[in-house]
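Reading the structure
Residue strings, one per chain:
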Amino acid sequence: QVQLVESGGGLVQAGGSLRLSCAVSARTFIQYSMGWFRQAPGKEREFVAVVSWSGGSTSYADSVKGRFTIARANAKNTVNLQMNSLKPEDTAVYYCAATYKYNLGELVHRNEYAYWGQGTQVTVSS
């Protein structure tokens, strides 16, 4: 059984930064590509970023490109999302997700992920 636990959410002013972490309980963490999604009230869950099993390849949604950075530490079974220059429209519940699939181009779709965390709230005030 794979379990994902997010942390690091909170309230921040526009222009500020937050760092989300996702701890993964899996003996084969290195086999998973890891993604971050977010869901704002009344909206669909949307792709934010994904990182390959090695950490060598990443992909971002256009809305966060240049502001967010995804990275993983395979020795610690964690994946982080550094969020800078936050905007009020970044307000959402952020979810960590894991998948065995490797084609990052396909991993923008939530249906490609097998495991999800419970989410952590990020609120950006104007």
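Section: the overall build of the protein
The helix and strand tally for the protein stands at zero helices and 11 strands. What you see in the protein, going N to C, is helices and strands ordered as β-β-β-β-β-β-β-β-β-β-β. For the protein, whose C-alpha radius of gyration is 13 Å, the value lies close to the compact-globule estimate of 14 Å for 126 residues. Principal-axis analysis of the C-alpha atoms gives the protein an extent of 40 × 25 × 25 Å.

Regarding the pairing of strand β8 (residues 78-83)
Among the six residues in β8, five count as buried, and that is most of the element. Sheet topology note: the strand β3 (residues 18-25)/β8 ladder contains six bridges and is antiparallel. Within the sheet, the bridge partner assigned to Ala23 lies in β8 and is Thr78. Relative to β8, strand β7 (residues 68-73) is paired through six bridges, and the arrangement is antiparallel. Pairing of Arg72 across the sheet is with Val79, part of β8.

A word on a nonpolar patch on the surface
Together, Ile30, Trp53 and Tyr102 line one region of the surface with nonpolar side chains, adding up to about 330 Å² of accessible area. If you trace the backbone, Ile30 turns up in the loop between β3 and β4 (33-39). What makes Ile30 partly exposed here is its relative accessible area of 43%.

A short note on the nonpolar core
Note on soluble globular proteins: their nonpolar side chains tend to be buried together. Membership of the largest hydrophobic core comes to 38 residues, with the highest contact counts inside it found for Met34, Trp36, Leu81, Met83 and Tyr94. Residue assignment for this core shows that the elements contributing at least two residues are β3, β4, β5 (46-51), β7, β8, β9 (92-99) and β11 (120-125).

Rules used in this analysis
Residues numbered from 1 in each chain as written. Predicted model: local features only at pLDDT ≥ 70, side-chain atom pairs only at ≥ 80, totals over all residues. Heavy atoms only, no water. Helix = DSSP H or I, 4+ residues; strand = E, 2+ residues; numbered from the N terminus. Rg over C-alpha atoms; globule rule 2.2 N^0.38 Å. Buried < 20%, exposed > 50% of the residue type's maximum accessible area, 1.4 Å probe, protein only. Pairing = 2+ DSSP bridges. Patch = residues over 30% accessible without salt bridge, like charges linked within 9 Å, V, L, I, M, F, W, Y side chains within 5 Å. Areas by Shrake-Rupley, 256 points an atom, 1.4 Å probe, with all protein chains shown as cover. Salt bridge = Lys/Arg side-chain N within 4 Å of Asp/Glu carboxyl O. Core = buried A, V, L, I, M, F, W, Y, C linked by side-chain atoms within 4.5 Å.

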